[in-house]
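Understanding the architecture of this molecule
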Amino acid sequence: MKSFPMKESCVLVGNVPGKIRGKYGSRVTVNIYDPRCYLWVFDLVRFNIRATEVT
């Protein structure tokens, strides 16, 4: 995969929304933001979004 070295990571991330929707159905909305674009940071601050690890 020399032409696309991060393919495995993209495939793993692509499976996450399906797993979340499978578990929570229409009760949750999944948005994926491009980390190269900083504009999504404003939504994190505006909506006071925090990430926590569930154990």
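Preceding this paragraph is the structure being described.
Keep in mind that what you see is a predicted model, and the values were worked out from it rather than measured.

**So, the overall build of the protein**
For the protein, the helix and strand inventory stands at two helices and zero strands. Out of the 55 residues belonging to the protein, those deemed buried represent 2%.

**A word on a nonpolar patch on the surface**
Side chains of Tyr38, Leu39, Val41, Phe42, Leu44, Val45, Phe47 and Ile49 sit close together on the surface and give an oily, nonpolar patch of about 830 Å² of accessible area. Take valine 45: it is sitting in helix H2 (residues 40–46).

**Focus on helix H1 (residues 7–24)**
Under the 1.5 Å per step criterion, the end-to-end length of H1 is 27 Å for 18 residues, consistent within 8% with the ideal 26 Å. Positive phi shows up at glycine 25, right after H1, with a value of about 60°.

**Details of the environment of arginine 21**
Within the secondary structure layout, arginine 21 lies in helix H1. For arginine 21, a relative accessible area of 42% corresponds to the partly exposed category. Discounting chain neighbours no more than four positions away, the residues touching arginine 21 are Ser26 and Val28.

Parameters at a glance
- Residues numbered from 1 in each chain as written.
- Predicted model: local features only at pLDDT ≥ 70, side-chain atom pairs only at ≥ 80, totals over all residues.
- Heavy atoms only, no water.
- Helix = DSSP H or I, 4+ residues; strand = E, 2+ residues; numbered from the N terminus.
- Buried < 20%, exposed > 50% of the residue type's maximum accessible area, 1.4 Å probe, protein only.
- Patch = residues over 30% accessible without salt bridge, like charges linked within 9 Å, V, L, I, M, F, W, Y side chains within 5 Å.
- Areas by Shrake-Rupley, 256 points an atom, 1.4 Å probe, with all protein chains shown as cover.
- Salt bridge = Lys/Arg side-chain N within 4 Å of Asp/Glu carboxyl O.
- Expected span 1.5 Å × (residues − 1).
- Contact = heavy atoms within 4.5 Å.

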